[in-house]
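Below, each chain spelled out in residue letters.
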Amino acid sequence: MAEAPRAALIVVLVLLACVVDAVFFDPLNLPGSPPNLLVLVVAAIALVLGPVGGAVTGFLAGLAADVLPPADHLIGRYALVLCLAGYLVGLVHDEARDSVLLSLVAVGAAAAVATLLYGGLGGLLSDGRVDAHTIVRSLPFSIFYDVLLAPFVVPWVMSLTRRAEPQVTRK
């Protein structure tokens, strides 16, 4: 029961990121791929909760992105991508606790993993919109946009997630 406030906060953050991505970022006609706020939220939560929490959050966030409009891909594809990205970022949560640079590197790695894996899965699943040229062309933009937004999003999400941490009472 003590985990309920944190879980509710994570659900709100994930849904908010999905809405902002769909309403604000996806319609922008930026070069490459648009910023991905959902990757930033998953990475920030993984930096607080570690690999298991990052993987679970990534899976559930990806599943939400898979089923909420304007999803136009197979269900489960983004869940797998964000699950892996959340797990990988969570592996450095102890080291990144006091390092802004390492946190930014982790976010950049999450953006790279998400872009490469999403595109790779699209290629394997015969998504006609994905080819190697598209992936290579969008990768630097994806990393750039996400790292550019990271200082505005990641510390805020990490702070909220830490504040919602259940308090241990000692008797």
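Provided above is the structure to which this section pertains.
Here is what the cut-offs are and how they apply
- Residues numbered from 1 in each chain as written.
- Predicted model: local features only at pLDDT ≥ 70, side-chain atom pairs only at ≥ 80, totals over all residues.
- Heavy atoms only, no water.
- Helix = DSSP H or I, 4+ residues; strand = E, 2+ residues; numbered from the N terminus.
- Rg over C-alpha atoms; globule rule 2.2 N^0.38 Å.
- Buried < 20%, exposed > 50% of the residue type's maximum accessible area, 1.4 Å probe, protein only.
- Core = buried A, V, L, I, M, F, W, Y, C linked by side-chain atoms within 4.5 Å.
- Contact = heavy atoms within 4.5 Å.
- Axes fitted to C-alpha atoms, helices over the stretch in contact; angles between N-to-C directions.
- Parallel < 35°, antiparallel > 145°, perpendicular 65-115°, else oblique.
- Left-handed = near helix turned anticlockwise from the far one by under 90°.
- Nonpolar A, V, L, I, M, F, W, Y, C, P; charged D, E, K, R; others polar.
- Bend = angle between axes of the 7 residues up to and from the residue.
- Phe/Tyr/Trp six-rings, centres within 6.5 Å; stacked < 30°, edge-to-face > 60°.
- Lys NZ or Arg CZ within 6 Å of the ring centre and 35° of its normal.
- Expected span 1.5 Å × (residues − 1).

Some points on the overall build of the protein
Reasoning step 1: In terms of helices and strands, the protein carries 5 helices and 0 strands.
Reasoning step 2: Helices and strands appear in the protein in the N-to-C order α-α-α-α-α.
Reasoning step 3: Relative to the globule expectation of 16 Å for 171 residues, the C-alpha radius of gyration of the protein, 16 Å, shows essentially globular dimensions.
Reasoning step 4: Dimensions of the protein, computed from the C-alpha atoms along their principal axes, are close to 60 × 30 × 25 Å.
Reasoning step 5: Every one of the 171 residues in the protein was classed for burial, and the buried ones make up 44%.

Quick word on the environment of L16
Reasoning step 1: Relative to the elements of secondary structure, L16 occurs in helix 1 (residues 4-25).
Reasoning step 2: Sequence spacing of L16 and A85 is 69 residues, and the spatial spacing of their C-alpha atoms is 19 Å.

Some words on the nonpolar core
Reasoning step 1: Within the largest apolar cluster, 40 residues are counted, with the highest numbers of intra-cluster contacts made by V14, L37, L38, V41 and V154.
Reasoning step 2: The element contributing the most residues to this core is helix 2 (residues 37-67), with 15 residues.
Reasoning step 3: Residue contacts for V41: discarding those within four places in its chain leaves L13, V14, A17 and V157.

Looking at the packing of helix 2 against helix 4 (residues 100-124)
Reasoning step 1: Viewed as axis vectors pointing N to C, helix 2 and helix 4 meet at an angle of 130°, and their least axial separation amounts to 10 Å. With respect to each other, helix 2 and helix 4 are oriented oblique. Crossing of helix 2 over helix 4 shows right-handed handedness. For the pair formed by helix 2 and helix 4, the contact residues are V39, L40, A43 and L47 on the first element and S103, A106, V107, A110, A111 and A114 on the second.
Reasoning step 2: Looking at the contact of helix 2 with helix 4, its residues break down into 9 nonpolar, 1 polar and no charged.

Considering the side chain of S142
Reasoning step 1: Here S142 shows up in helix 5 (residues 132-163).
Reasoning step 2: Under the relative-accessibility criterion, S142 is labelled buried at 5%.

Description of helix 5
Reasoning step 1: Of all bends in helix 5, the biggest is about 60°, found at A150, and the proline P151 comes one to four residues later.
Reasoning step 2: Along helix 5, the positions that sit buried rather than exposed are I135, S138, L139, S142, Y145, D146, A150, V153, V154, V157, M158 and T161.
Reasoning step 3: Looking at the packing, one finds that the buried side of helix 5 touches helix 1, helix 2 and helix 4.

Remarks on the packing of aromatic side chains
Both the distance between ring centres and the angle between the ring planes are used here to describe each pair of aromatic rings.
Reasoning step 1: Under the counting rule described, the total for this entry stands at 3 aromatic pairs.
Reasoning step 2: Every member of this aromatic cluster is reached through a ring pair, and the members are F141, F144 and Y145.
Reasoning step 3: In this structure, R77 is placed above the aromatic ring of Y118, and the distance from its NZ or CZ to the ring centre is 3.8 Å.

Considerations on the packing of helix 3 (residues 77-90) against helix 4
Reasoning step 1: Where helix 3 contacts helix 4, the axes come no closer than 9 Å and their chain directions differ by 150°. In terms of axis orientation, helix 3 runs roughly antiparallel to helix 4. Remark: the crossing between helix 3 and helix 4 carries right-handed chirality. Along the contact surface, helix 3 presents R77, Y78, L80, V81, L84, A85, L88 and V89, while helix 4 presents A106, A110, V113, A114, L117, Y118, L121 and G122.
Reasoning step 2: Taken together, the residues that form the contact of helix 3 with helix 4 break down as 14 nonpolar, 1 polar and 1 charged.

So, helix 1
Reasoning step 1: In this model helix 1 runs 30 Å from its N-terminal to its C-terminal C-alpha over 22 residues, within 8% of the 32 Å that 1.5 Å per residue would give.
Reasoning step 2: Within the span of helix 1, buried status applies to R6, L9, I10, L13, V14, A17, C18, V20, D21 and F25.
Reasoning step 3: For helix 1, the elements touching its buried residues are helix 2 and helix 5.

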